[in-house]
Amino acid sequence: MSTPDLRRWWVRLAQAAGLVAIGLLALFDLRFSSPQSPAALLLLVVRVGLAAATVPLWLPAHRLGSRRLPLAALALAVASLTVTTGIMVLASGGYLLGGTWGLAESAGLIGVVFVVTRWGAARLVPWAAGAAGLAVAALPLRAGTENLLVIFGLLQVIGAAGAAGVGLYLRVMAAGRDRAIALVRAEQRAEFARDLHDFIAHHVTGIVVQAQGARFVAERDPRRVIVALEQIERAGAETMASMRRMVGVLRNPDAPPDAPLAPLAGVTDLEPLVAGFNGAASVPVRLHLDGDLDGLPVEVSTSAYRVVMEGLTNTRQHAPDARSVRVAVRRTPDWLLVRVADDGASPRTAPARGHGFGLIGLSERVRALGGTITAGPGVTGGWVLDVAFPLHPAVTA
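Just so you know, these numbers come straight off a predicted model, no measurement behind them.

Now for the overall build of the protein. Across its full length, the protein carries 10 helices and five strands. By sequence separation, contacts in the protein at least 24 residues apart represent 75% of the contacts at least 6 residues apart. Element-wise, carbon and sulfur atoms account for 64% of the exposed surface of the protein, whose accessible area totals about 22400 Å².

A few words now on the environment of Val285. Following the sequence through the fold, Val285 ends up in strand 1 (residues 285-290). Classification of Val285 by relative accessible area gives buried; the value is 8%. In this structure the C-alpha to C-alpha distance between Val285 and Ser324, which are 39 residues apart in sequence, comes to 6.0 Å. Ignoring any residue separated from it by four or fewer positions in sequence, one finds Val285 in contact with Val274, Phe277, Asn278, Leu312, Val325 and Val327.

Moving on, we get to the packing of aromatic side chains. One pass over the structure, following the stated rule, counts zero aromatic pairs. In this structure, Arg118 packs its charged tip against the face of Trp119, placed 3.9 Å from the ring centre.

With that settled, the discussion passes to the pairing of strand 1. Pairing analysis gives six bridges linking strand 1 to strand 2 (residues 325-331), with the strands arranged parallel. Opposite His288, over in strand 2, you have Ala328 as the bridge partner. In this region the chain leaves strand 1, passes through helix 9 (residues 298-318) and returns to the parallel neighbour strand 2; the handedness of that crossover is left-handed.

Let us look at the environment of Gly144. With respect to the helices and strands, the residue Gly144 is situated in the loop between helix 5 (125-138) and helix 6 (147-217). On the accessibility criterion, Gly144 (7% relative accessible area) is buried. For the pair formed by Gly144 and Trp101, sequence separation is 43 residues and the distance between their alpha carbons is 9.1 Å.

So, about the pattern of salt bridges. Following the criterion strictly, the structure yields three salt bridges and no others. Between Arg330 and Asp290 there is a salt bridge, and its shortest N-O distance comes to 3.8 Å. Of this pair, Arg330 sits in strand 2 while Asp290 sits in strand 1; the two residues are 40 residues apart in sequence, bridging distant segments of the chain. Taking the relative accessible area as the measure of exposure, Arg330 reaches 44% and is therefore partly exposed. A salt bridge links Asp386 to Arg339; its shortest N-O distance comes to 2.7 Å.

With that settled, the discussion passes to the packing of helix 4 (residues 103-119) against helix 5. At their nearest, the axes of helix 4 and helix 5 sit 9 Å apart, and the two run at 165° to each other. Classified by the angle their axes make, helix 4 and helix 5 are roughly antiparallel. Considering only the axes of helix 4 and helix 5, their crossing is left-handed. In contact with Ser106, Leu109, Ile110, Val113, Val116 and Thr117 of helix 4, helix 5 contributes Val125, Ala128, Ala129, Ala132, Gly133, Ala135 and Val136. Along the lines of polarity and charge, the residues of the contact of helix 4 with helix 5 split into 10 nonpolar, three polar and no charged.

On to the nonpolar core. If you look at the biggest cluster of nonpolar residues, it comprises 32 residues, and the most contacted ones within it are Leu312, Leu336, Val338 and Phe389. For this core, the elements supplying multiple residues, two or more each, are helix 8 (270-280), helix 9, strand 2, strand 3 (335-342), helix 10 (357-368) and strand 5 (383-390). With six residues, the top contributor of residues to this core is helix 9. Excluding its chain neighbours within four sequence positions, the residues that come into contact with Val338 are Ala304, Val307, Val308, Ala328, Val329, Leu385, Asp386, Val387 and Phe389. Counting 30 residues, the second-largest nonpolar core is a separate cluster that includes Ile22, Val83, Val113 and Ala143.

Pairing within the open sheet is mixed, and its five strands lie in the order 1-2-3-5-4. Across the chains shown, the open sheet's two edge strands, defined by having one partner strand only, are strand 1 and strand 4 (372-377). Recorded for the sheet is a direction-independent mean angle of 10° between the axes of neighbouring strands. Relative to strand 3, strand 2 runs antiparallel, the two being bridged by seven bridges. Counterpart to Arg331 in the pairing with strand 3 is Leu336. Lying over the sheet, helix 9 contacts strand 1, strand 2, strand 3 and strand 5, oriented at roughly 10° with respect to strand 3.

Let us now look at the confidence of the model for the protein. The predicted coordinates of low-pLDDT regions are not to be read in fine detail. Per-residue confidence for the protein gives a mean pLDDT of 76; residues scoring 70 or more make up 67%. Here residues 351-355 is a poorly scored stretch, pLDDT under 50, and it has 14 contacts once near neighbours within four places are set aside; other chains count.

Residue placement: Gly23 occurs in helix 1 (residues 3-31). Taking the C-alpha atoms as reference points, Gly23 and Ala51, 28 residues apart in sequence, are found 9.3 Å from one another.

Together, Leu148, Ile151, Phe152, Leu155 and Ile158 make up a nonpolar patch on the protein surface, roughly 480 Å² of accessible area in all. Relative to the elements of secondary structure, Phe152 occurs in helix 6. Phe152 gets classed as partly exposed once you look at its relative accessible area, which sits at 33%.

What counts and what doesn't
Residues numbered from 1 in each chain as written. Predicted model: local features only at pLDDT ≥ 70, side-chain atom pairs only at ≥ 80, totals over all residues. Heavy atoms only, no water. Helix = DSSP H or I, 4+ residues; strand = E, 2+ residues; numbered from the N terminus. Contact = heavy atoms within 4.5 Å. Areas by Shrake-Rupley, 256 points an atom, 1.4 Å probe, with all protein chains shown as cover. Buried < 20%, exposed > 50% of the residue type's maximum accessible area, 1.4 Å probe, protein only. Phe/Tyr/Trp six-rings, centres within 6.5 Å; stacked < 30°, edge-to-face > 60°. Lys NZ or Arg CZ within 6 Å of the ring centre and 35° of its normal. Pairing = 2+ DSSP bridges. Right-handed = clockwise from strand over helix to strand, strands pointing away. Salt bridge = Lys/Arg side-chain N within 4 Å of Asp/Glu carboxyl O. Axes fitted to C-alpha atoms, helices over the stretch in contact; angles between N-to-C directions. Parallel < 35°, antiparallel > 145°, perpendicular 65-115°, else oblique. Left-handed = near helix turned anticlockwise from the far one by under 90°. Nonpolar A, V, L, I, M, F, W, Y, C, P; charged D, E, K, R; others polar. Core = buried A, V, L, I, M, F, W, Y, C linked by side-chain atoms within 4.5 Å. pLDDT = per-residue confidence, 0-100. Patch = residues over 30% accessible without salt bridge, like charges linked within 9 Å, V, L, I, M, F, W, Y side chains within 5 Å.

See below:
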């Protein structure tokens, strides 16, 4: 089972436990309530209804920034406060209600506070959470105004504040991670675009130079080739201008527009990469190449190089106890398969959890090419990074 699936199961399990707890508390409220009049019976039904009304707020999954959730929570809190005020007025200081004041409703409202602070629209969260917290604090006053009941109200406020703190903490953590992932993906896309630019610029520059030279050669028979050569020159120059404009948007605006183009590293450069790793690290790396690796699409070749580089970097940083690393690159008629595996025993976290932004950025590059990437513990231990690049489908954004 993958990490996201496991996380969803934990969330569902917590929701099921909360639902069971609410049900048990509702039974407790009913068991120890003894309405002595039709009005008291009606209020008991209202209390149970308010407790049940909290369930649709905290049980379903919500999207971040939901406006309906805090508005519904605000309406529910107002309804609870209205009932509490009505009971206090009708009781006139006495004990109109027998038994508890509504433990199920208290627990449900605390759950609402948590859900609202975690998922609600930021502008509405303080109002909704504050109103729900006030409703929770006032609930014990339905049974009277004794000091002990006031203390229970304060304890429930502390519980609501704790729920709000946990919800806010999870919200901030998720927002920070989302920003970090978005930054990594943006940087990876920019790097990918620069790689493509450098490659295309190198070859298109050659086309332009050849076309310019051929114009002089073609003067012997201009009618046959001069028109075609002019079109090649025009198309090449336009392509260069378009590519430079695109990279100008992605690069640092303070960088010079005619910065020198760096040569691209691809599959054919894996042997120097592995040799450099072996010279700088104590972990021996074995490289195995299978199939004809010439003529690969440049985006596939450069991305495969980046996969190996990231895999070796991951091993160096997170598997200091590894004794060997295996790098395998295999070409089939339709795929280029890349694997980086080590035998380290140090525990590592999959990229879908709190770490591994390098692998997240690499995933963005791989998926942009229509490929697949997996990273996780190997069957016999260690860590395995597997990537498959399609050789024929078009690149998708």
